[in-house]
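Residues per chain, in single letters:
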Amino acid sequence: MTIKKSTVSEVKMQQGRKLAFQLVVGALIGGLSSYFGLGLLGAENVTVDQLAVGGVGLIYLLIGVICGFGLIAPKLGASILNVEDADEIRDQSRILSGSAICMIALGAALMALTMAGPHGPISGPAAMGGLLAALALLIAVSIRDWNYYDEMMLQLSRDAGNIAFSGVGSVTLVWGSASWLGLVTAPTPLALVALTSGGFLMAIFVASARKGLMQPR
């Protein structure tokens, strides 16, 4: 009994240390990325909507880069990603690699979108083409990897889709109706982009938390 209690206590301490390490690394990466990302966007010259889309894009980009780093260095990646060990990363390399590529592509496309326009460094057609290419890549990778998902991953995908549809749909419905009635300002195009892309990202976190996947392992 004493040995069992000691083992449980050691596991909890290990999980606590891993969580602390993840929080520190996440804070450092997030802080540095935000600093350089806002500098790239030129935060003093952009609107709130542009910052919102750029911020969401930066989160997508960071998630993709961190996943990619974990694939390149599984042992170190196991300390950053919420997995049991390096072997789990290797076992899930096909799905993780596809997710990393899609996240990076979509994040870059969203950030490029905020820098496009008449006075931006990126032309409108180029930004639109990048976004369409990222979405096409996302669909292609999802179709390719769908048969490799286990039952939990399939259910997680369905839950995230349902949460995103319900959340984003409800906010859009209420906001659009209130705008028509003159109660609030109508959403701008970039506000809808931020709402949709950010809503899907939030839905993934909510669905993962409901499955207990956000707890340290």
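Structure first, text after, so check above.
Residues numbered from 1 in each chain as written. Predicted model: local features only at pLDDT ≥ 70, side-chain atom pairs only at ≥ 80, totals over all residues. Heavy atoms only, no water.

A.B. asks: Residue-level account of the overall build of the protein, with values.
C.D. replies: Looking only at helices and strands, the protein features 8 helices and 0 strands. Counted from the first residue to the last, the protein has its helices and strands arranged as α-α-α-α-α-α-α-α. For the protein, buried positions account for 29% of its 217 residues. Partitioning the intrachain contacts of the protein with sequence separation of at least 6 by distance along the chain shows that 70% fall at a separation of at least 24. Surface summary for the protein: the accessible area is close to 13300 Å², and the carbon and sulfur share equals 70%. (Helix = DSSP H or I, 4+ residues; strand = E, 2+ residues; numbered from the N terminus. Buried < 20%, exposed > 50% of the residue type's maximum accessible area, 1.4 Å probe, protein only. Contact = heavy atoms within 4.5 Å. Areas by Shrake-Rupley, 256 points an atom, 1.4 Å probe, with all protein chains shown as cover.)

A.B. asks: Just give me the short version of helix α7 (residues 151-180), but keep the residues and values in it.
C.D. replies: In a regular helix each residue adds 1.5 Å, so 30 residues correspond to 44 Å; α7 covers 43 Å between its end C-alpha atoms and thus fits that length. Taken together, the buried positions of α7 are Leu154, Leu156, Asp159, Ala160, Ala164, Val168, Ala178 and Ser179. Here the buried face of α7 lies against α8 (189-210). Once α7 finishes, Gly182 follows within two positions and takes phi at roughly 80°, a positive value. (Expected span 1.5 Å × (residues − 1).)

A.B. asks: Please set out a nonpolar patch on the surface residue by residue, giving values where relevant.
C.D. replies: Side chains of Met128, Leu132, Leu135 and Leu138 sit close together on the surface and give an oily, nonpolar patch of about 330 Å² of accessible area. Counting through the fold element by element, Leu132 comes out in helix α6 (residues 124-145). (Patch = residues over 30% accessible without salt bridge, like charges linked within 9 Å, V, L, I, M, F, W, Y side chains within 5 Å. Salt bridge = Lys/Arg side-chain N within 4 Å of Asp/Glu carboxyl O.)

A.B. asks: For the side chain of Ser208, give the residues involved together with the corresponding values.
C.D. replies: Summarising the element assignment, Ser208 is placed in helix α8. Of note is the side chain of Ser208, whose polar atom sits 2.8 Å from the backbone oxygen of Ile204. (Polar contact = N/O pair within 3.5 Å; in protein donor to acceptor, adjacent residues only side chain to side chain.)

A.B. asks: Lay out the packing of aromatic side chains in plain terms, naming residues and giving numbers.
C.D. replies: One pass over the full model with this rule turns up 1 aromatic pair. Between Trp146 and Tyr149, the ring centres sit 5.6 Å apart and the planes meet at 55°, which makes this aromatic pair tilted. Using a relative accessible area of 38% as the deciding quantity, one classes Trp146 as partly exposed. Its relative accessible area of 17% is what places Tyr149 among the buried residues. (Phe/Tyr/Trp six-rings, centres within 6.5 Å; stacked < 30°, edge-to-face > 60°.)

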